[in-house]
Amino acid sequence: MELDDAIAKRTSVRYFSDEPVSEEVIRELIGAAIRAPTASGLENWIFAVFMSEEKRRALYDLIAKGMMEYYRAVNLPEDKMEKLRRRMYGEGMYRAPVYVAVFIDRRVRFLKGKEFDELEFIWSVESAAMAIQNLMLKAVELGLGTVYIGVTNFRGIEEKVRELAGLDGNYYLVGVIPVGRPKGEVRPSRRRRGVGDVMKLL
Ligand SMILES: Cc1cc2nc3c(=O)[nH]c(=O)nc-3n(C[C@H](O)[C@H](O)[C@H](O)COP(=O)(O)O)c2cc1C
């Protein structure tokens, strides 16, 4: 697949078929992910792959909790919250055959001074985000769908995802990526702002 095609087709997929995704395919995705740029060459990322029914169910509950919290924070009316609950628990939104949770190891850093704490953290998160984008584009090439889940970073949820992944407080969750064969037609979402709106020529 041409890169242009993969970029154009990538869009957030939130409903997946039950078709399993093999460990081999996940290795391919992570192989693409780790080709991403990584600040100071640290490669301080880790990809926790949730494949077992038990782990996936536990993670799913945390995703659902995060989504409810997200919409509560913007005071979504109760009937809309109910609709969302139905979509998740009734229609299986975000249920995927595999989830990849991407973490960074905060202990691994290049600049050691306290004054670089924040910068080192940001660089690590940025590196992991670039890896996630590679993973997502590779998934498109393999006919798979993904979505970036950020709501699992809410306080009280992030720690639980980390525990589920068997990692301690040295690790920080960058994002959870459900992966699976898309259910139904995939239509890339439109952009509100075009190149002319976001480009500043100097
Ligand atoms: C950092 C980040 C966090 C996100 N968190 C969520 C999330 O928690 N739940 C969700 O459904 N989508 C989430 N998204 C997906 C965005 O909603 C989506 O990318 C955006 O609406 C544009 O749509 P597209 O991905 O289809 O182009 C997240 C995306 C990013 C980059």
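Small disclaimer: the values here were computed from a predicted structure and weren't measured.

Asks: Mind showing me how you'd approach the overall build of the chain here?
Replies: Check the secondary structure of the chain and you find seven helices and four strands. Overall, the chain shows an N-to-C arrangement of helices and strands of α-α-β-α-α-β-α-β-α-β-α. Taken against the 2.2 N^0.38 rule, which gives 17 Å for 202 residues, the C-alpha radius of gyration of the chain at 18 Å falls within 12% of a compact globule. In terms of overall dimensions, the chain has a C-alpha envelope of 50 × 40 × 40 Å along the principal axes. Out of the 202 residues belonging to the chain, those deemed buried represent 31%.

Asks: Sorry if this is basic, but what is going on with the environment of Tyr71 here?
Replies: With respect to the element layout, Tyr71 can be found in helix H3 (residues 53–73). Exposure remark for Tyr71: the 16 C-beta atoms within 10 Å place this residue in the partly exposed category. With 63 residues separating them in the primary sequence, Tyr71 and Asn134 have C-alpha atoms 29 Å apart. Look past the residues within four positions of Tyr71 in its chain and what remains in contact with it is Leu76, Met81 and Leu84.

Asks: Just to check I follow, could you spell out the environment of Arg85 for this structure?
Replies: Among the structural elements, Arg85 can be located in helix H4 (residues 78–90). Each C-alpha atom of the pair Arg85 and Val176 lies 20 Å from the other, and the pair is 91 residues apart in sequence.

Asks: Would you mind showing me how to read the site of the ligand here?
Replies: In the vicinity of the ligand, the contacting residues are Thr11, Ser12, Arg14, Val147, Tyr148, Ile149, Gly150, Val151 and Ser189. Residue composition of the shell around the ligand, grouped by class: four nonpolar, four polar and one charged.

Asks: Honestly, the sheet that holds strand S4 (residues 171–180) in this entry has me stumped. Any pointers?
Replies: In space, the four strands of this open sheet follow the order S1-S2-S4-S3, with antiparallel pairing throughout. One side of each edge strand has no neighbouring strand; the edge strands of this open sheet are strand S1 (45–50) and strand S3 (145–146). Helix-sheet contacts for H3 involve S1, strand S2 (98–105) and S4, and the interaxial angle to S1 is about 110 degrees.

Asks: Would you mind showing me how to read the packing of H3 against H4 here?
Replies: Axes are the key here: two packed helices are described by the angle between their axes and the distance separating the axes. Where H3 contacts H4, the axes come no closer than 11 Å and their chain directions differ by 165 degrees. As summarised for this structure, H3 and H4 are arranged roughly antiparallel, according to the angle between their axes. Seen along the crossing, H3 lies across H4 with a hand that is right-handed. For the pair formed by H3 and H4, the contact residues are Ala64, Met67, Met68 and Tyr71 on the first element and Met81, Leu84 and Met88 on the second. Residue composition of the contact of H3 with H4, by class: seven nonpolar, no polar and no charged.

Asks: Please explain the pairing of S2 as it appears in this structure.
Replies: Within a regular strand, the side chains alternate between the two sheet faces. S2 sits mainly inside the fold: seven of its eight residues count as buried. Alignment of S1 against S2, held across six bridges, turns out to be antiparallel. Pairing of Ile46 across the sheet is with Phe103, part of S2. Pairing analysis gives eight bridges linking S2 to S4, with the strands arranged antiparallel. Looking at the pairing, Val100 lines up with Ile177 of S4.

Asks: What is the right way to read H3 from this model?
Replies: Counting along an α-helix, one turn takes 3.6 residues, and residues three or four places apart therefore face a common direction. Helix length check: H3 (21 residues) gives 30 Å between terminal C-alpha atoms against 30 Å at 1.5 Å per residue, within 8%. In this structure, the buried residues of H3 make contact with S1, H4, S2, helix H6 (158–164) and S4. Just beyond H3, the residue with positive phi is Asn75, at close to 55 degrees.

The rules we used
- Residues numbered from 1 in each chain as written.
- Predicted model: local features only at pLDDT ≥ 70, side-chain atom pairs only at ≥ 80, totals over all residues.
- Helix = DSSP H or I, 4+ residues; strand = E, 2+ residues; numbered from the N terminus.
- Rg over C-alpha atoms; globule rule 2.2 N^0.38 Å.
- Buried ≥ 20, exposed ≤ 12 C-beta atoms within 10 Å, placed from the backbone.
- Contact = placed C-beta atoms within 7 Å.
- Near = placed C-beta within 6 Å.
- Nonpolar A, V, L, I, M, F, W, Y, C, P; charged D, E, K, R; others polar.
- Pairing = 2+ DSSP bridges.
- Axes fitted to C-alpha atoms, helices over the stretch in contact; angles between N-to-C directions.
- Parallel < 35°, antiparallel > 145°, perpendicular 65-115°, else oblique.
- Left-handed = near helix turned anticlockwise from the far one by under 90°.
- Expected span 1.5 Å × (residues − 1).

None of this, on its own, says anything about what the molecule does.
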